[in-house]
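Working through the structure, step by step
If you want the building blocks of each chain, they are given just below.
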Amino acid sequence: MAKRLHIKTYGCQMNEYDSSRMADILVPLGYETTDNPKDADLVILNTCHIREKAAEKVYSEIGRLRLMKDHRQQNGEEMMIAIGGCVAQAQGEEIMRRAPAVDMVFGPQSYQALPELIEKAKLAKNNKPSARPVAMDFASQDKFDRLPAQTSQNGVSAFLTIQEGCDKFCTFCVVPYTRGAEHSRPVSEIIAEARRLVAAGAADITLLGQNVNAYAGDDGSGQPARLGELMTQLADLDGLSRIRYTTSHPRDVDDALIAAHGDIEKIMPYLHLPVQSGSDRILEAMNRKHTADDYRAIVARLRAARPDLALSSDFIVGFPGETDRDFDHTMDLVRDITYAQAYSFKYSPRPGTPAAELTDQVAEDVKTRRLSILQDELRLQQNAFNEATVGKVLPVLFEKPGRHEGQWVGRSPYMQAVAVDGAAAAGASAGMEAQVEITGLHAISLAGRLVSSVDTDREAVAS
Ligand code: 5AD
Ligand code: SF4
C-alpha cells in the first residue's frame, strides 16, 4: 500500500522547490503526498530561520504533530517526524535533544539522503543500537546529482533552483550560515531540468537562488556562464514562454543581465531587487556594499532597457543604529523608485550574525511605527500600480478555469491574477497565452476581456 507523505513548507520559494524535490525523491519508496498530516506516515517540516520566532514555531508544530503521532500509534499506525530546512541546519542537535518525537533532522543541502535517513530512523525506532539521524553536510552538487527527475511540479508555473548559498554576509542575515557558500549548477543540467518541466506543462519558470544573479555555472567548456547568458539559452526552449528569477542582489546586476532584459522578450518585466534600506550609513553597516544612489542608477538602467519593468523589493526597518533621518532616506528611495509590490520587516536579531551583537538596537515601538509608515506607502504604491493596469492590454498566461462558467484565470507578466470571461469558448487551456484588456480591479485579482485569439502554438509543442 502507498505510504503517505505530508510536507509543510515555511519561508522562501527555495524551500518550496526543495519540498517538491523531497517529494520526488520519496516517490520510488512508495510515498504519495497528502494534505492532511493526520493521515501521514511521514511528516516533514521544511523550516525557515530568516526571522524571529522561527524555532519557537517549529517546536509548537512538533508539539501538535506529537499528539497526532501518539494517536496514530494507538491505532497501530506509524508517523515519522522529520525536520528539514534552515532551522534544522542551525539547531539540529538541539531539536533532537528537546524533542524526542522527532525521528530525523536534515539541513537544506542534505535531503538527497532522505531514503537512508528513513532507514536509519527506523533502526533507531526499533531500539537497534543506532541514533536518530542528523544530516547537516553542505553538499549542494552531490544533492543535485542524486535527485531523481522532477515529477511533483506539473503546473503552468514552476520553480527551478539554479544557485544556492550566499557569500555576501549581510550583517543581519543567517543565510550564509544555514545555506552555506555559493554554488551554481552547470548550464546543461539546468537546461535539461527546464526541458523536463516544460514537458510536464510548465510555461513560466522562475529561476531560484539565494543570490540568483551571482550565478556562475559551468557552461560546458569549464568557463562560468552568468545569469544573462543562461537565460539567453533558456529562451530558446520552445514551449517556455516566461522566465523570471529571484532573489537578486544589486551588486551582481551586470551589463549582460541588463541587456538581457531588453533583448529577451521572455524575461518578464517584473524584478524583485531587494534594497533593504535607503540610507547609505545603514547600507554600509548592513555590508550591502552599494549605496542608495547605486541602486537608483541600476534601476534607471534596467528601466531604460525595459521600460515596462516593474519592481519589487525587501526592506528592513529598525536595523541597529537606524535614526529617523536614516528612515527618511528609505522613504525617499521608496518614493523615487515606486514599487509594484514589496516585503518589509522589522529588524530581528539573528543569533550568530554580526548585527545581533551591535549595542545600538532600536526600540520595538520605534520599529513598529516605522514599519507602519513604510507599509502604508508601499500599499499605496501597490494599489496605484494595480489601478494603472486597468485599460492596458497585457499578455495573460492561462492557468486554470475560473469560478464562473467559461472563465479562465491566468497571470499577467506582473504575477497579477486575471479572470477572463469567455476564454474557454476561445479555446483557452493551461499554458496558453492571449492578449487581454484589463477591464476591472477586484480585491485580489483583475478582470479582463480577450482582445486576441488564444495562442495555441504552445499546445502543438507540448503535445
Ligand atoms: N531581520 C529582518 N529581516 C530580515 N531579512 C533577512 N534577515 C532579516 C533579519 N535578521 C529579510 C531581508 C531579506 C528577506 C528575505 O528577509 O529583507 O531580503
Ligand atoms: Fe542574506 Fe544578504 Fe545573502 Fe541575501 S545577499 S541571502 S540578505 S546575506
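See the structure above.
Below: a short report on this structure. Counting restarts for each chain: residues are numbered from 1 in the order of the written sequence. All chains are assigned letters beginning at A, and all ligands numbers beginning at 1, according to the order in which they are written. Confidence filtering applies because this is a predicted model: local features only for residues at pLDDT of at least 70, side-chain atom pairs given and counted only at 80 or more, and all residues used for totals across whole chains, interfaces and linings. Excluded from the side-chain calculations are hydrogens and water; all other atoms, namely the structure's heavy atoms, are used.

1. Topic: the site of ligand 1
Close contacts around ligand 1 come from Ile 50, Arg 51, Phe 172, Gln 276, Asp 314, Ile 316, Phe 345, Lys 346, Tyr 347, Ser 348 and Arg 350, and that covers them all. For ligand 1, a nitrogen atom lies 2.9 Å from a polar atom in the backbone of Phe 172. Two N or O atoms count as a polar contact when they lie within 3.5 Å, although within protein this holds only if one can serve as hydrogen donor and the other as acceptor, and sequence-adjacent residues are included solely when both atoms are side-chain atoms. Between an oxygen atom of ligand 1 and a side-chain N or O atom of Gln 276, the distance comes to 2.6 Å. Accessible areas in this description were obtained via Shrake-Rupley with a 1.4 Å probe; residue shielding takes into account the shown protein chains only. Calculation on ligand 1 without its partners gives an accessible area of 400 Å², and the protein chains cover 87% of this total. The secondary structure listing takes helices from DSSP runs of H or I that are at least 4 residues long and strands from runs of E that are at least 2 residues long, numbered from the N terminus. Going through the elements one at a time, β15 (310–317) and β16 (341–346) are the ones with two or more residues in the shell around ligand 1. Nearness is judged by heavy atoms alone; a residue qualifies as near a molecule or strand once a single heavy atom is within 4 Å of it.

2. Comments concerning the layout of surface pockets
In this structure, the second largest pocket spans a volume of roughly 300 Å³. Every residue lining the second largest pocket is counted, 17 residues in all, and those nearest its centre are Arg 403, Gln 407, Val 409, Ala 419 and Ser 445. Counting only elements with at least two residues in the lining of the second largest pocket, the list comes to β17 (393–401), β19 (417–420) and β21 (446–450). Its residues assigned to classes, the lining of the second largest pocket shows eight nonpolar, six polar and three charged. A pocket here means an open set of points on a 1 Å grid, computed over the protein atoms alone, that has protein on both sides within 12 Å along at least five of seven lines. A cavity is instead a set of points where a 1.4 Å probe fits but cannot get out; residues with an atom within 4 Å of a point line either one. Grid points are joined across faces, edges and corners, and a volume is the space filled by probe spheres set on the points. Polarity classes work like this: nonpolar for Ala, Val, Leu, Ile, Met, Phe, Trp, Tyr, Cys and Pro, charged for Asp, Glu, Lys and Arg, and polar for all others, with Gly in that last group.

3. Topic: the pattern of salt bridges
Any carboxyl oxygen of Asp or Glu within 4 Å of a side-chain nitrogen of Lys or Arg constitutes a salt bridge here. Under the criterion given, the structure shown has 32 salt bridges. A salt bridge links Arg 21 to Glu 193; the shortest N-O distance between them is 3.4 Å. A residue pair is termed long-range when its members are at least 10 positions apart, and Arg 21 in helix α1 (residues 13–26) and Glu 193 in helix α7 (residues 187–199) qualify at 172 residues. For the pair formed by Arg 21 and Glu 193, the shared burial category is buried. Put simply, Arg 370 and Asp 324 hold a salt bridge, and the shortest N to O gap is 2.9 Å. Here Arg 370, found in helix α13 (residues 364–389), pairs with Asp 324, found in helix α12 (residues 324–337); they are 46 residues apart in sequence, far enough to count as distant. Buried, partly exposed and exposed residues are distinguished by accessible area as a fraction of the type maximum, computed with a 1.4 Å probe on protein chains only: under 20%, between the cut-offs, and over 50%, respectively. When its relative accessible area of 3% is taken as the criterion, Arg 370 is described as buried. A relative accessible area of 43% places Asp 324 in the partly exposed class. Sharing partners across several salt bridges, the network here consists of Arg 21, Asp 24, Arg 185, Glu 189 and Glu 193.

4. Section: the environment of Gly 222
In this fold, Gly 222 is placed in the loop between β11 (217–218) and β12 (224–225). On a C-alpha basis, the gap between Gly 222 and Thr 247 in space is 25 Å, while along the polypeptide they are 25 residues apart.

5. Things to note about the pairing of β16
Pairing between strands is defined by DSSP: at least two bridges between the two strands are required. Relative to β16, β15 runs parallel, the two sharing six bridges. If you follow Asp 314 over to β16, its bridge partner there is Tyr 343. Here, the term right-handed applies to a crossover whose path from the first strand over the helix to the second runs clockwise when the strands point away from the viewer. With α12 bridging β15 and its parallel neighbour β16, the resulting β-α-β unit is right-handed.

6. Concerning the site of ligand 2
Taken together, the neighbourhood of ligand 2 is formed by Cys 166, Lys 168, Phe 169, Cys 170, Phe 172, Cys 173, Val 175, Pro 176, Asn 211, His 249 and Arg 288. Broken down by class, the residue content of the shell around ligand 2 amounts to seven nonpolar, two polar and two charged.

7. With respect to empty space enclosed by the protein
What the rule picks out here adds up to one cavity of 30 Å³ or more. In this structure, the largest cavity spans a volume of roughly 40 Å³. Taken together, Ile 243, Arg 244, Tyr 245, His 261, Ile 267, Met 268, Tyr 270 and Leu 271 form the lining of the largest cavity. Mapped onto the lining of the largest cavity, the elements with two or more residues apiece are β13 (242–246) and β14 (270–272). For the lining of the largest cavity, the element with the highest residue contribution is β13, accounting for three residues. Classifying every residue of the lining of the largest cavity gives six nonpolar, one polar and one charged.

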